[in-house]
Amino acid sequence: MAVKCVEGPFVFRLNENSTGPLLLVQVCTERGWREYAGENNVFKDRWNLWWRSGGFPTSHYRPLLPWQFVNRIPKGNSICRKDKLIRHLKCMKKVHGSIYDFSPAGYNLPSEYTKLAEECSRCEKDDKIWICKPVGQSQGRGIFLFRKLSDLSYDNAAVVQRYIENPLLIGGYKFDLRLYVCVPSYRPLTIYLYKEGLARFATEKFSLERLDDPFRHLTNFSLNKLGPGYSEKKERIGAGCKWTFRQLRRYFEQSGYFDWILWQRISCLVTLTILSQVASIPRSSNCFEFFGFDVLIDEDLKPWLLEVNLSPALSNDCEVDSEVKKPLLHDLFDLLGLPVCNTGLSLFTIWSSGDHRIEDEDEVSFKFGRSTKKKSKRETDAFLNLSPETRATLRQSTPEVYPTAWSRYNPLLMDKCIRRGFKGSTIEDHASSPIWDNGKDWRAPCVREGGWIRICPFTRSKHVKSTEYAPRPSPRTIENEIKNMVLCIRKYLKAAKKVQQRNEKLKDEQYNNLLQNALDLNTEVWLPEK
């Protein structure tokens, strides 16, 4: 088997109209990538990374070519709908119990209005507060608080949840956490959590006497940047309404809060939430999910999941944004194995064999617009920019084993060089390999990449060198896998609690080492830096 590596620019595409966050465009450009030129040219389908704010239709994954990557996994974002998230977590709580007690009690309207009315009737004397959120809106639009059911009004599908009335306050201001999560694979399940993130503050002091003031109760930046208190220097907070996790942890340390166990609960909360939708997701390749988790901390240092965002904001509205999001994106693309060079496609291996040769007398490869004569077989048997482990894995793969997983043409070659009949990766016709077409193998995921820390699996499973497609697991097999993972998380939380209770006033590294030794972990303990 000969391996041909043909060089060309790595092309990124944003949404349908080639518009997207300026920070994302900046990072892609810094990596030497070329922006997609549009539909009306000879290279219409010649892109490598397509980043969309919304989802892709299921049919889009069928023609996906080996060197093309998208930021959506088929059926992988149901937890990002407020109503489906409530439904998923309710189902998991029924099966697995109190470990799923990290989301406020919620009801989907109008289907569960009767249940909500019954609960409101039972809690009438307690004067509990509820929060109503429209299902189809974001950025705090349409959200309001109420005490009496008679004050509830909604036009479209909505969710109503118990309002957390005792949030942890800093300087009298409510805040929540924005965590960044990457899921590059569901088969096997692989989750990374970024070490840095944002604490987002309300811009007016918290008060349960003013339920109608969103600047006291909502922490969405898109809302609070319009508030009268945004630019003012607020007590303990300062101007603006964002901190990094590093700033937050330093505040905790200065204020005497012991927060190590808090962050362990948060990392488990993320994995448990993603587990709630695992059963419905098919195998896929060359796609990933990038989530924004919003978590509230109450005065007892208990984390509460508020919602999961499909397209976390990548705007660059303040210095904190740039400090967090720019390295986050670079580390994300490194994690996914996407190149940093002007001729990024040298990273991707393009297969050719004696049975499939380019019908051209003077076979050429294109590099910076120049052509070179056909190289010898020895020269074309080289891998460019690939690790030794990846080379070994790829050399074991043959066109017979992966009949449709690789192609031998570069997307910048002319149409006459394209092998006809390529059908790409499908999500229904066959089970795709856990090895991406750039050599990333999620059966043996790295412990960390930059600030991305692997939080699932806790231990690296034994690498299986079989190159054949694994059959789609049965529902019972998936159910057992989820059950085992929940049990692992129970064990993790129990061990973390013991480490905290038996040892006081230790450094973060000491706590991490104790937890790793207690569970024999083969990954790092996720913890934001101070």
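Look up a bit, the structure's there.
Scope of this entry: the structure provided in the associated data block. (Residues numbered from 1 in each chain as written. Predicted model: local features only at pLDDT ≥ 70, side-chain atom pairs only at ≥ 80, totals over all residues. Heavy atoms only, no water.)

Things to note about the overall build of the chain
Across its full length, the chain carries 12 helices and 21 strands. For the chain, the proportion of its 530 residues judged to be buried stands at 55%. Sequence separation of at least 24 residues holds for 71% of the intrachain contacts in the chain that already meet a minimum separation of 6. Split by element, the accessible area of the chain, about 24,600 Å² in all, is 48% carbon and sulfur. (Helix = DSSP H or I, 4+ residues; strand = E, 2+ residues; numbered from the N terminus. Buried < 20%, exposed > 50% of the residue type's maximum accessible area, 1.4 Å probe, protein only. Contact = heavy atoms within 4.5 Å. Areas by Shrake-Rupley, 256 points an atom, 1.4 Å probe, with all protein chains shown as cover.)

Quick look at the pairing of strand E11 (residues 173-186)
Among the 14 residues that make up E11, 14 are buried, leaving the element largely enclosed by the rest of the structure. Note that strand E10 (residues 169-170) and E11 share 2 bridges and pair antiparallel. By the bridge assignment, Leu169 is partnered in E11 with Lys174. The hairpin formed by E10 and E11 contains 2 residues between the paired strands, and Gly171 there has a positive phi angle of roughly 65 degrees. Relative to strand E13 (residues 198-201), E11 runs antiparallel, the two sharing 4 bridges. Across the sheet, residue Phe175 finds its bridge partner in E13, namely Phe201. Two elements, E11 and strand E15 (residues 289-297), share 8 bridges in a ladder whose sense is antiparallel. (Pairing = 2+ DSSP bridges.)

Some details on the pattern of salt bridges
A full pass over the atoms with the stated rule returns 26 salt bridges. One salt bridge in this structure joins Arg122 and Glu119, with 2.5 Å as the shortest N-O distance. Here the residue Arg122 and the residue Glu119 both occupy positions in helix H3 (residues 113-122), the gap between them amounting to 3 residues, near one helical turn. Overall, the relative accessible area of 15% leaves Glu119 in the buried class. Here Glu529 makes a salt bridge to Lys195, at a shortest N to O gap of 3.7 Å. Taken as a pair, Glu529 in the segment after helix H12 (508-519) and Lys195 in the loop between strand E12 (189-194) and E13 lie far apart in primary sequence, 334 residues in all. Each of the salt bridges in this network shares a partner with another, and the network as a whole consists of Asp176, Arg178, Arg200 and Asp294. (Salt bridge = Lys/Arg side-chain N within 4 Å of Asp/Glu carboxyl O.)

Observations regarding the sheet that holds strand E2 (residues 11-14)
If you walk across this open sheet you meet the 4 strands as E3-E2-E4-E5, and the pairing is parallel. Looking at the sheet topology across the chains shown, the edges are occupied by strand E3 (34-35) and strand E5 (69-70).

What about the pairing of strand E9 (residues 158-162)?
Along E9, 4 of the 5 residues are buried, which leaves the element largely enclosed by surrounding structure. By the bridge criterion, 4 bridges tie strand E6 (residues 106-109) to E9 in an arrangement that is antiparallel. In the sheet register, Tyr107 faces E9, and the bridge partner there is Val160. Pairing between strand E7 (residues 130-134) and E9: 5 bridges, direction antiparallel. Bridge assignment links Trp130 to a residue of E9, and that residue is Arg162.

Things to note about the side chain of Gln277
Structurally, the position occupied by Gln277 is in the loop between helix H7 (260-275) and E15. Beyond its immediate stretch of four places on either side in the chain, Gln277 contacts Lys75, Gly76, Asn77, Ser78, Ile79, His88, Tyr186 and Phe291.

Observations concerning the side chain of Arg52
Mapping Arg52 onto the fold places it in the loop between strand E4 (49-51) and E5. A distance of 3.2 Å separates a polar side-chain atom of Arg52 from the backbone oxygen of Gly55. The residues contacting Arg52, other than those within four sequence positions of it, are Asn15, Glu16, Pro57, Asn71, Arg72 and Ser311. (Polar contact = N/O pair within 3.5 Å; in protein donor to acceptor, adjacent residues only side chain to side chain.)

Considering the environment of Pro167
Looking at the element boundaries, Pro167 is found in the loop between E9 and E10. Judged by relative accessible area, Pro167 falls into the buried class, the value being 4%. Residues Pro167 and His217, 50 residues apart in the sequence, show an inter-C-alpha distance of 9.9 Å. Apart from the residues within four sequence positions on either side, Pro167 is in contact with Lys174, Phe206, Leu296, Ile297, Asp298 and Glu299.

Regarding the sheet that holds E6
Pairing within the open sheet is antiparallel, and its 4 strands lie in the order E6-E9-E7-E8. Only two strands of the sheet have a single neighbouring strand rather than two, namely E6 and strand E8 (144-146). Each strand axis lies, on average, 25 degrees off the axis of its neighbour in the sheet, ignoring direction. Strand direction decides the pairing type here: E7 and E8, joined by 3 bridges, are antiparallel. Paired with Cys132 across the two strands is Phe144, which belongs to E8. Each of E6, E7 and E9 is contacted by helix H2 (residues 82-96), which is oriented at about 130 degrees to E6, the strand it contacts most. Against the sheet, H3 engages E6, E7 and E9, with an angle of about 140 degrees to E6. (Axes fitted to C-alpha atoms, helices over the stretch in contact; angles between N-to-C directions.)

Taken by themselves, the reported measurements are silent on function.
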